[in-house]
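An overview of the molecular structure
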Amino acid sequence: MIDAHCHLEYERFDEDREEVIQRTKKELKAIVTSVAEPKYTEKALEISEKHRGFIFLCLGFHPECLKDFTEKQIEEYMQLIKNLKDKVVGIGEIGLDYYWIKDSKTREETKEVFKQFLELAKELKKPVVIHSRDAEKDCLKILEDFPGKILLHCYSGPPEIPRNLPDNYFVSIPPIIVRSRKHSLLAELTPLEKILLETDSPWLSPTKGRNEPLNIKITAEKIAGIKKIPFEKIWKQMGDNAIKFFDLTKALNL
Ligand SMILES: [Zn+2]
């Protein structure tokens, strides 16, 4: 099983990151950590290098970062991703956030940057991990032209939409499913082959406090209950889905 989306590079893991990784190693095959803010690239790279074959890296650009970056800096960051392409399994998280970004001019700018990163993913032949908050309509519209695999991370739009999307779309469900009826309905409606498990840790904890990769077990248990399918089957299938999505067969020696 694989935690398909988290942020191990954040400060909230600084104190005990190694312990978290070691206890995760006992139960999971891999963790995919996704850089949302470029300033964490170096740290994430270091962590994934240290745990090569267990921690895999995605590099992206959260729409909220736009305010702190010039066009030139974004270009340089994209060049850096190109240079690191062999160390990266996907581009993300990238996307749109209309919850935090209200003004229409900035929204338009984030759309442009989103498109640039999709172009980059296309060029590098990498899958994309999508952040979309209150922006599903625009986000899905922009994604229509993207030919590769797409992971709608912590998708929170209408639950029936992922069911009707083309084969290259997947959704990842976080442990907050235990307290979210929307995510429960999403799990119910989405075919098993299209679901990956994520934690988005340190965020989105199922309880109070910090979230961590091992909590994908909580999600798997909940989905097993919702779909009335044995836990082992969910565990295996969703792990396989993540391996397929990020193309990890070789890297995991499977
Ligand atoms: Zn995230």
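Preceding this paragraph is the structure being described.
The sections below set out a description of the structure shown in this document.

Thresholds, definitions, all that
Residues numbered from 1 in each chain as written. Predicted model: local features only at pLDDT ≥ 70, side-chain atom pairs only at ≥ 80, totals over all residues. Heavy atoms only, no water. Phe/Tyr/Trp six-rings, centres within 6.5 Å; stacked < 30°, edge-to-face > 60°. Lys NZ or Arg CZ within 6 Å of the ring centre and 35° of its normal. Core = buried A, V, L, I, M, F, W, Y, C linked by side-chain atoms within 4.5 Å. Buried < 20%, exposed > 50% of the residue type's maximum accessible area, 1.4 Å probe, protein only. Helix = DSSP H or I, 4+ residues; strand = E, 2+ residues; numbered from the N terminus. Contact = heavy atoms within 4.5 Å. Donors = N, O, S within 2.8 Å, 3.2 Å for Na, K, Ca; no water. Axes fitted to C-alpha atoms, helices over the stretch in contact; angles between N-to-C directions. Parallel < 35°, antiparallel > 145°, perpendicular 65-115°, else oblique. Left-handed = near helix turned anticlockwise from the far one by under 90°. Nonpolar A, V, L, I, M, F, W, Y, C, P; charged D, E, K, R; others polar. 1 Å grid on protein atoms, 1.4 Å probe; cavity = no way out; pocket = protein on both sides within 12 Å on 5 of 7 lines; lining within 4 Å. Points joined across faces, edges and corners; volume = space filled by probe spheres on them. Expected span 1.5 Å × (residues − 1). Polar contact = N/O pair within 3.5 Å; in protein donor to acceptor, adjacent residues only side chain to side chain.

1. Side note on the packing of aromatic side chains
- Enumeration according to the criterion identifies 10 aromatic pairs in this entry.
- Ring centres of Tyr99 and Trp100 lie 5.1 Å apart, and the angle between their planes is 90°; this geometry places the pair in the edge-to-face category.
- A connected cluster of aromatic rings, assembled from ring pairs, spans Phe61, Phe69, Tyr77 and Phe117.
- Over the ring of Tyr99 we find Arg133, and its NZ or CZ is 3.6 Å from the ring centre.
- The positively charged end of Lys194 is found above the aromatic ring belonging to Phe170, 5.9 Å away from the centroid.

2. Focus: the nonpolar core
- Within the largest apolar cluster, 59 residues are counted, with the highest numbers of intra-cluster contacts made by Ile91, Phe117 and Leu152.
- Per element, the largest residue contribution to this core is seven residues, and it comes from helix α4 (residues 104–124).
- When residues no more than four places from it in sequence are discounted, the contact partners of Phe117 are Phe61, Ile74, Tyr77, Met78, Ile81, Ile91 and Ile94.
- With 17 residues, the next largest nonpolar core counts Phe170, Leu196, Ile243 and Leu248 among its residues.

3. Structural notes on the coordination of the zinc ion
- On the protein side, the zinc ion has His5 (NE2), His7 (NE2), Glu93 (OE) and Asp200 (OD) as donor atoms, found 2.1 to 2.2 Å from it.
- Summarised as a motif, the one-chain spacing of the donors to the zinc ion is H-x1-H-x85-E-x106-D. In this pair, His7 is assigned in the loop between β1 (2–6) and α1 (17–25) and Asp200 in the loop between β8 (195–197) and α7 (216–227), connecting sequence segments 193 residues apart. Summarising the burial analysis for this pair, His7 and Asp200 share the class buried.

4. Description of the packing of helix α6 (residues 181–189) against α7
- Relative to each other, α6 and α7 sit at 60°, their axes nearing to 9 Å. Judged by the angle between their axes, α6 and α7 are oblique. For the pair α6 and α7, the sense of crossing is right-handed. Across from Ser184, Ala187 and Glu188 in α6, the residues of α7 making contact are Lys222, Ile223, Ile226 and Lys227.
- Grouping the constituent residues of the contact of α6 with α7 by class yields three nonpolar, one polar and three charged.

5. Points about the layout of surface pockets
- Estimated volume of the largest pocket: approximately 510 Å³.
- As for the largest pocket, its lining consists of 21 residues, and the residues nearest its centre are His62, Glu93, His131, Arg133 and Asp200.
- Those elements giving two or more residues to the lining of the largest pocket turn out to be β4 (90–97) and β5 (128–133).
- Counting residues per element, the lining of the largest pocket draws most heavily on β5, which supplies three residues.
- Among the residues making up the lining of the largest pocket, the classes are represented as eight nonpolar, seven polar and six charged.
- Roughly 400 Å³ of volume is contained in the second largest pocket.
- The wall of the second largest pocket is formed by 22 residues, among which Phe56, Asp86, Lys87, Val88 and Val89 lie closest to the centre.
- Within the residue set of the lining of the second largest pocket, elements represented by two or more residues are α2 (41–50), β3 (55–59) and α8 (231–246).

6. Structural notes on α4
- With 21 residues, α4 extends 30 Å between its outermost C-alpha atoms, agreeing within 8% with the 30 Å of an ideal straight helix rising 1.5 Å per residue.
- Buried residues along α4 sit against α3 (71–83), β4, β5 and α5 (136–143).
- The backbone nitrogen of Lys105 has a side-chain oxygen 3.2 Å away, supplied by the residue at the start of α4, namely Asp103.

7. Comments concerning empty space enclosed by the protein
- Applying the stated criterion across every chain yields a total of one cavity of 30 Å³ or more.
- There is about 50 Å³ of room inside the largest cavity.
- Surrounding the largest cavity, Phe61, Pro63, Leu66, Ile94, Gly95, Thr110, Val113, Phe114 and Phe117 form its lining.
- Elements with a contribution of two residues or more to the lining of the largest cavity: β4 and α4.

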